[in-house]
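Okay, here's what each chain looks like letter by letter:
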Amino acid sequence: MTRLSSPEKLECARKEIISKIDPAKPCISVCAGAGCLASGAADVIAAFKTELEFHNLTTEVNTKGTGCPGFCERGPIVMIYPEEICYLRVKPEDVPEIVSHTIKEKKVVERLLYVDPATGNKATKESDIPFYKNQQRNILSENIRIDSKSIDDYLAIGGYSALSKVLFQMKPEDVMAEIKKSNLRGRGGGGFPAWRKWEESRNAPDPIKYVIVNADEGDPGAFMDRALIEGNPHSILEGLIIGAYAVGAHEGFIYVRQEYPLAVENINLAIRQAEERGLVGKNILGSNYDFTVKVHMGAGAFVCGESSALMTALEGRAGEPRPKYIHTAVKGVWDHPSVLNNVETWANVTQIINKGADWFTQFGTEGSKGTKIFSLVGKITNTGLVEVPMGVTLKDIIQNIGGGIPGGKKFKAVQTGGPSGGCIPEAQLDLVVDFDQLTKAGSMMGSGGMIVMDEDTCMVDIARYFIDFLKDESCGKCTPCREGIRQMLKVLTNITTGKGKEGDIELLEELAESTGAALCALGKSAPNPVLSTIRYFRDEYEAHIRHKKCPALSCKELIAFHIQPDKCKACGTCFKQCPAEAIEGGKKRIHIVDQDKCTKCGTCLDVCPKQFGAVRKISGEPVPAPVPEEKRAL
């Protein structure tokens, strides 16, 4: 690669790359994000290359593996340009038909299109699919268009123009002013204004400063940062260099969890490509500004998402938080000023410099500007990554983008903010999504995890699940977190196993208050799932404690399965399928469940023919006595 030694040479290289791109030439873009790769995308890409070679179309059609476009529920996803045809759940055996019909004959393969479950209408283009058309995809939009392993693809869409602009047209103070004007808030957790960290670090007298990308995404069900750093790593790198220039840093780190091998591979490749092009290293673009960056792989500890714990891990020590009497922006890695922002925050920096703070602030609310990427998962029809302007309602995300709750079930709650977030009930679905409103509701924005729950979800057990996760992930350094979380888990486990007693709810509230005195945000926010479920679903706690009943029929120790004699047709399905051999019955004999043998796996309920509906799940009431032997004959 040619080293670019000036802004002019950067633009010449860009024009040369663009000149070689024929907009009319067919291009097959296949999502090569981790989710689609797990669904067989690599085989799909290989099949396209083989099929194109068979038809002697290798030079006539471009094929590329791209970043995640977000609709993970329907992967592998294939986009055909310039027509912008979107095919979903593509398999290698579909490739010959796509090549022969779409590439050669310009026809659409109808069976691979999105079908609206409500209307039955098919959508040919990505922009026609409700999942996409109800979003504002400022950051994610390029993921499906560029090869995540190609710097030339990034340069072709304007990559590193923001860096060139900063180095040659703006002073560090100008960059700071633009970020401040944008009111960009950190996308990694608490929503702290990015400019304040930057300014605090820049004003620190220490000449050695660091900038850091926090890609330690440990929330269950969250994969926003992974998709960005896998799919468009150069945008993160460019934002990081801009931030470094603004604060006066010449060295940076990208902290990625080891469980993200593709992200590690792609960001390392991006750094090498940028170094070869003169966009990282000494005298960037001939500006006399130097910047180097290293990738650090974390060991997977959730607590390392906290700033001081992450920086301790960067130093090569155990990732434990430390008291922040002095902010890490002033005294961070090796006691030097260190600016830490998450992946999505750095991606926004590039866009703000390119398009201006005024463009950025047109999206969002008064206190929360721009867009936010959420990982929409759980009991929802359309799972995947969604990017929406701050200020949309939870209902808009869940109904219009997520497609509502599958299987005709009722919505119950949505948990935002990761394991330290809160659960928001149906009555709050009109709540606007921004940093401040979610906090008022007893939850938090967090990094953007959004887990949807339906009527079959027990809210007490959900609180127990997240507290159990946080118990394992607590570093154990401070007593309020270590012991407070452990005791909350003990109480919650008792409640969900039928051992709860009066006063347990009040005890949980008292423990939550004491846990809030923890050293870091993990312990301080740990009570959120408990307090929010008590606040909005107190009746479920009371039912568990007073009546030994799980209203959601979820907690194993509080449920039983019963075959209703008047509905049992002795078909034998449950008898054959029960893994515990807990079903007694025979031909033309009413079946019964041996409660002593039953493991409450629910297989009998799942396999009982719907037209019979003989198996019933019960809680909070005695199991009816078995039918007398002499009355079991049908």
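The following refers to the structure shown. (Residues numbered from 1 in each chain as written. Predicted model: local features only at pLDDT ≥ 70, side-chain atom pairs only at ≥ 80, totals over all residues. Heavy atoms only, no water.)

## Section: the pairing of strand 1 (residues 27–31)
Then step 1. Of all the five residues making up strand 1, five are buried; the element is thus mostly covered by neighbouring parts of the structure.
Then step 2. Pairing analysis gives four bridges linking strand 1 to strand 3 (residues 78–81), with the strands arranged antiparallel. Counted as the bridge partner of Cys27 is Tyr81 from strand 3.
Then step 3. Bridge count between strand 1 and strand 2 (residues 62–66): five bridges; the pairing is parallel. Within strand 2, the residue paired with Ser29 across the bridge is Lys64. (Buried < 20%, exposed > 50% of the residue type's maximum accessible area, 1.4 Å probe, protein only. Helix = DSSP H or I, 4+ residues; strand = E, 2+ residues; numbered from the N terminus. Pairing = 2+ DSSP bridges.)

## Comments concerning empty space enclosed by the protein
Then step 1. The tally for this structure, following the rule as stated, stands at four cavities of 30 Å³ or more.
Then step 2. The calculated volume of the largest cavity comes to roughly 90 Å³.
Then step 3. Together, 15 residues line the largest cavity, and Cys568, Cys571, Cys574, Cys608 and Ala614 are the ones closest to its centre.
Then step 4. Residue composition of the lining of the largest cavity, by class: ten nonpolar, three polar and two charged. (1 Å grid on protein atoms, 1.4 Å probe; cavity = no way out; pocket = protein on both sides within 12 Å on 5 of 7 lines; lining within 4 Å. Points joined across faces, edges and corners; volume = space filled by probe spheres on them. Nonpolar A, V, L, I, M, F, W, Y, C, P; charged D, E, K, R; others polar.)

## Things to note about unusual backbone geometry
For residues besides glycine, phi is generally negative; the peptide bonds are generally trans as well.
Then step 1. Residue Pro76 is bonded to the preceding Gly75 through a cis peptide linkage, with omega at -5°.
Then step 2. Note the cis peptide between Tyr81 and Pro82, where omega equals 10°.
Then step 3. By the secondary structure assignment, Pro82 is in the loop between strand 3 and strand 4 (85–87).
Then step 4. One non-glycine residue, Trp334, lies in the positive phi region at around 50°.
Then step 5. Its place among the elements puts Trp334 in the loop between helix 13 (307–314) and strand 10 (338–342).

## Describing helix 13
Then step 1. Most of helix 13 is tucked away, with eight of its eight residues classed as buried.
Then step 2. Buried residues of helix 13: Ser307, Ser308, Ala309, Leu310, Met311, Thr312, Ala313 and Leu314, and no others.
Then step 3. Each element contacted by the buried residues of helix 13 is listed here: strand 7 (210–215), strand 8 (251–257), strand 9 (292–298) and strand 10.
Then step 4. Trailing helix 13 by a residue or two, Gly316 shows a phi angle of about 95°, which is positive. (Contact = heavy atoms within 4.5 Å.)

## Section: the sheet that holds strand 9
Then step 1. What the four strands build is an open sheet, ordered 9-8-7-10; its pairing is parallel. Pairing within the sheet leaves two strands with one partner each, and these edge strands are strand 9 and strand 10. Adjacent strand axes in the sheet meet at a mean angle of 20°, parallel and antiparallel pairs treated alike.
Then step 2. Pairing of strand 7 with strand 8 involves six bridges; the strand directions are parallel. (Axes fitted to C-alpha atoms, helices over the stretch in contact; angles between N-to-C directions.)

## Structural notes on the sheet that holds strand 4
Then step 1. On the basis of which strands lie adjacent, the open sheet formed by four strands has the order 2-1-3-4 and mixed pairing. Across the chains shown, the open sheet's two edge strands, defined by having one partner strand only, are strand 2 and strand 4. Across this sheet, the average inter-strand angle for adjacent strands is 20°, counted without regard to direction.
Then step 2. Sitting on the sheet, helix 3 (residues 41–54) touches strand 1, strand 2 and strand 3, and the angle it makes with strand 1 is about 160°.

## Re the nonpolar core
Then step 1. Grouped together as the largest cluster of nonpolar side chains are 142 residues, with contacts concentrated most on Tyr87, Tyr160, Val175 and Trp198.
Then step 2. Looking at which element gives the most residues to this core, the answer is helix 11 (residues 233–247), with nine residues.
Then step 3. When sequence neighbours within four positions are dropped, the list of residues in contact with Tyr87 reads Pro76, Ile77, Val78, Ile80, Ile98, Thr102, Lys107, Val108, Val109, Leu112 and Leu113. (Core = buried A, V, L, I, M, F, W, Y, C linked by side-chain atoms within 4.5 Å.)

## Observations regarding the layout of surface pockets
Then step 1. If you add up the space inside the largest pocket, you get close to 1,200 Å³.
Then step 2. As for the largest pocket, its lining consists of 41 residues, of which Gly189, Gly190, Gly305, Ser307 and Ala521 are closest to the centre.
Then step 3. Listing elements by their share of the lining of the largest pocket, those giving two or more residues are helix 9 (194–203), strand 10 and helix 21 (521–525).
Then step 4. Examining the composition of the lining of the largest pocket, we find that five residues originate from one element, strand 10, more than from any other.
Then step 5. Looking at side-chain class alone, the lining of the largest pocket contains eleven nonpolar, 20 polar and ten charged residues.
Then step 6. Here the second largest pocket defines a volume of roughly 630 Å³.
Then step 7. The wall of the second largest pocket is formed by 23 residues, among which Ile21, Cys27, Asn62, Lys64 and Arg145 lie closest to the centre.
Then step 8. Of all the secondary structure elements, the ones that give two or more residues to the lining of the second largest pocket are helix 1 (7–19), strand 1, strand 2 and helix 6 (151–156).

## Remarks on the packing of aromatic side chains
Then step 1. The full count for this structure, using the stated rule, is 13 aromatic pairs.
Then step 2. Geometrically, the ring pair formed by Phe131 and Tyr132 is edge-to-face, given 5.2 Å between the ring centres and 80° between the ring planes.
Then step 3. Exposure remark for Phe131: the relative accessible area of 0% places this residue in the buried category.
Then step 4. Residue Tyr132 is classed as buried on the basis of its relative accessible area of 4%.
Then step 5. Among the aromatic residues, ring-to-ring pairing joins Phe71, Tyr114, Phe131 and Tyr132 into one connected group.
Then step 6. Arg226 extends its terminal NZ or CZ atom over the ring of Tyr260, reaching a point 5.9 Å from the ring centre.
Then step 7. Here the basic side chain of Lys372 rests over the ring of Phe374, its NZ or CZ set 5.5 Å away from the ring centre. (Phe/Tyr/Trp six-rings, centres within 6.5 Å; stacked < 30°, edge-to-face > 60°. Lys NZ or Arg CZ within 6 Å of the ring centre and 35° of its normal.)

## So, the side chain of Thr102
Then step 1. Note on placement: Thr102 falls in helix 4 (residues 95–104).
Then step 2. The contacts of Thr102, once residues within four sequence positions are left out, are Ile80, Ile85, Tyr87, Glu97, Lys107, Val108 and Val109.

## Structural notes on the pairing of strand 9
Then step 1. With seven bridges connecting them, strand 8 and strand 9 associate as parallel partners. Following the sheet pairing, Glu251 is matched in strand 9 by Thr292.
Then step 2. Read from strand 8 through helix 12 (residues 261–276) to strand 9, the crossover connection turns out right-handed. (Right-handed = clockwise from strand over helix to strand, strands pointing away.)

## Observations regarding the environment of Gln136
Then step 1. Turning to its location among the elements, Gln136 is positioned in the loop between helix 5 (130–133) and helix 6.
Then step 2. It is 33 Å that separates the C-alpha atoms of Gln136 and Glu275, two residues lying 139 residues apart in sequence.
Then step 3. Within the structure, the side chain of Gln136 is placed 2.9 Å from the side chain of Asn138, a separation counted as a polar contact. (Polar contact = N/O pair within 3.5 Å; in protein donor to acceptor, adjacent residues only side chain to side chain.)

Such coordinate-based values are descriptive only and should not be taken to indicate function.
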